[in-house]
Amino acid sequence: MYRYEGAVKGIENIVVLMSWIDKFDSSKSPFYLVSTDVSLSSKKIIEYYGHRWEIEVSFRYQKERLGLDNYEMRSLKGIERFWEQLYLLYNFLELKRFKNRVSENLGELIDKLKVKRKREVISYIYEMALSGTKLEELYEEFRVPA
């Protein structure tokens, strides 16, 4: 690991930690950690980033898998409600992982739950078709315009 402390693009004093996997290799790009708090030791910066990484992964799941990046709301009450629902869903998924002692990550769990839900819907439609339910009735039940 290499520690640089000094000016970088308009910031007068900053710490940049550069690290390579195993050892320095000029043919490979290093991993960078940046801190504006120059009083922190390299070890402390790495420790903080370890905690920060969990937060970043959480936001990535919320954006990519739970719809945070597609949600647009203007009122504060609407935003608060959405965040409450988002965190309820996130906690539900974590609880499901914990109860089932699942080692997969949240993305894999979400994919499995989506497949399970699709299978349930297809099975339901198949059973309804076998029982003689008309297509128009299924459209109505699923709120799909005929």
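Here, the structure is the one placed above.
The structure presented is a predicted model; accordingly, all values stated were derived computationally and were not measured.

1. Some remarks on the overall build of the protein chain
Phase 1 of the analysis: Looking only at helices and strands, one finds 4 helices and 3 strands in the protein chain.
Phase 2 of the analysis: N-terminal to C-terminal, the α/β element order of the protein chain is β-β-β-α-α-α-α.
Phase 3 of the analysis: The C-alpha atoms of the protein chain give 24 Å as radius of gyration, which overshoots the globular expectation for 146 residues (15 Å, by more than 25%).
Phase 4 of the analysis: Along the longest, intermediate and shortest principal axes, the C-alpha atoms of the protein chain span 75 × 40 × 30 Å.
Phase 5 of the analysis: In the protein chain, which comprises 146 residues, the proportion classed as buried is 20%.
Phase 6 of the analysis: Pairs at least 24 apart in sequence give 26% of the contacts found in the protein chain among residues at least 6 apart.
Phase 7 of the analysis: Distance between charge centres in the protein chain, computed from 25 positive and 23 negative side chains, equals 3 Å.

2. What about the nonpolar core?
Phase 1 of the analysis: Membership of the largest hydrophobic core is limited to 10 residues, which are Tyr61, Leu66, Leu68, Phe82, Leu86, Tyr90, Leu93, Leu106, Leu109 and Ile110.
Phase 2 of the analysis: Of all the secondary structure elements, the ones that give two or more residues to this core are helix 2 (76-99) and helix 3 (106-130).
Phase 3 of the analysis: With 4 residues, the top contributor of residues to this core is helix 2.
Phase 4 of the analysis: Within the second largest apolar cluster, 5 residues are counted, among which are Val15, Leu17, Leu33 and Leu40.

3. So, the layout of surface pockets
Phase 1 of the analysis: If you add up the space inside the largest pocket, you get close to 170 Å³.
Phase 2 of the analysis: Ser19, Trp20, Ile21, Lys23, Phe24, Asp25, Lys28, Ser29, Pro30 and Phe31 are the residues that line the largest pocket.
Phase 3 of the analysis: When the residues that make up the lining of the largest pocket are grouped by side-chain class, the tally is 5 nonpolar, 2 polar and 3 charged.

4. Some thoughts on the packing of helix 1 (residues 42-64) against helix 2
Phase 1 of the analysis: Two numbers describe how helix 1 lies on helix 2: the axes approach to 12 Å, and their chain directions differ by 110°. If you check the angle between helix 1 and helix 2, you find them roughly perpendicular. Every residue of helix 2 that contacts helix 1 at Ser58, Phe59, Tyr61 and Gln62 is listed here: Trp83, Leu86, Tyr87 and Tyr90.
Phase 2 of the analysis: When grouped by side-chain class, the residues that make up the contact of helix 1 with helix 2 number 6 nonpolar, 2 polar and no charged.

5. Some details on a negative patch on the surface
Phase 1 of the analysis: Residues Glu136, Glu137, Glu140 and Glu141 make up a contiguous surface patch of negative charge.
Phase 2 of the analysis: Looking at where Glu137 falls in the secondary structure, it is placed in helix 4 (residues 135-141).

6. Comments concerning helix 1
Phase 1 of the analysis: Under the 1.5 Å per step criterion, the end-to-end length of helix 1 is 32 Å for 23 residues, consistent within 8% with the ideal 33 Å.
Phase 2 of the analysis: Within helix 1 the residues assigned to the buried category are Ile45, Ser58, Tyr61 and Gln62.

7. Examining unusual backbone geometry
Phase 1 of the analysis: You will see that Lys9, though not glycine, has its phi angle at about 40°, which is positive.
Phase 2 of the analysis: Its location among the elements puts Lys9 in the loop between strand 1 (2-8) and strand 2 (11-19).
Phase 3 of the analysis: In this structure, Arg143 takes a positive phi of about 55° despite not being glycine.
Phase 4 of the analysis: By secondary structure assignment, the location of Arg143 is in the segment after helix 4.

Reading the values: rules and limits
Residues numbered from 1 in each chain as written. Predicted model: local features only at pLDDT ≥ 70, side-chain atom pairs only at ≥ 80, totals over all residues. Heavy atoms only, no water. Helix = DSSP H or I, 4+ residues; strand = E, 2+ residues; numbered from the N terminus. Rg over C-alpha atoms; globule rule 2.2 N^0.38 Å. Buried < 20%, exposed > 50% of the residue type's maximum accessible area, 1.4 Å probe, protein only. Contact = heavy atoms within 4.5 Å. Lys, Arg positive; Asp, Glu negative; His and termini not counted. Charge placed at Lys NZ, Arg CZ, Asp CG, Glu CD. Core = buried A, V, L, I, M, F, W, Y, C linked by side-chain atoms within 4.5 Å. 1 Å grid on protein atoms, 1.4 Å probe; cavity = no way out; pocket = protein on both sides within 12 Å on 5 of 7 lines; lining within 4 Å. Points joined across faces, edges and corners; volume = space filled by probe spheres on them. Nonpolar A, V, L, I, M, F, W, Y, C, P; charged D, E, K, R; others polar. Axes fitted to C-alpha atoms, helices over the stretch in contact; angles between N-to-C directions. Parallel < 35°, antiparallel > 145°, perpendicular 65-115°, else oblique. Patch = residues over 30% accessible without salt bridge, like charges linked within 9 Å, V, L, I, M, F, W, Y side chains within 5 Å. Areas by Shrake-Rupley, 256 points an atom, 1.4 Å probe, with all protein chains shown as cover. Salt bridge = Lys/Arg side-chain N within 4 Å of Asp/Glu carboxyl O. Expected span 1.5 Å × (residues − 1).

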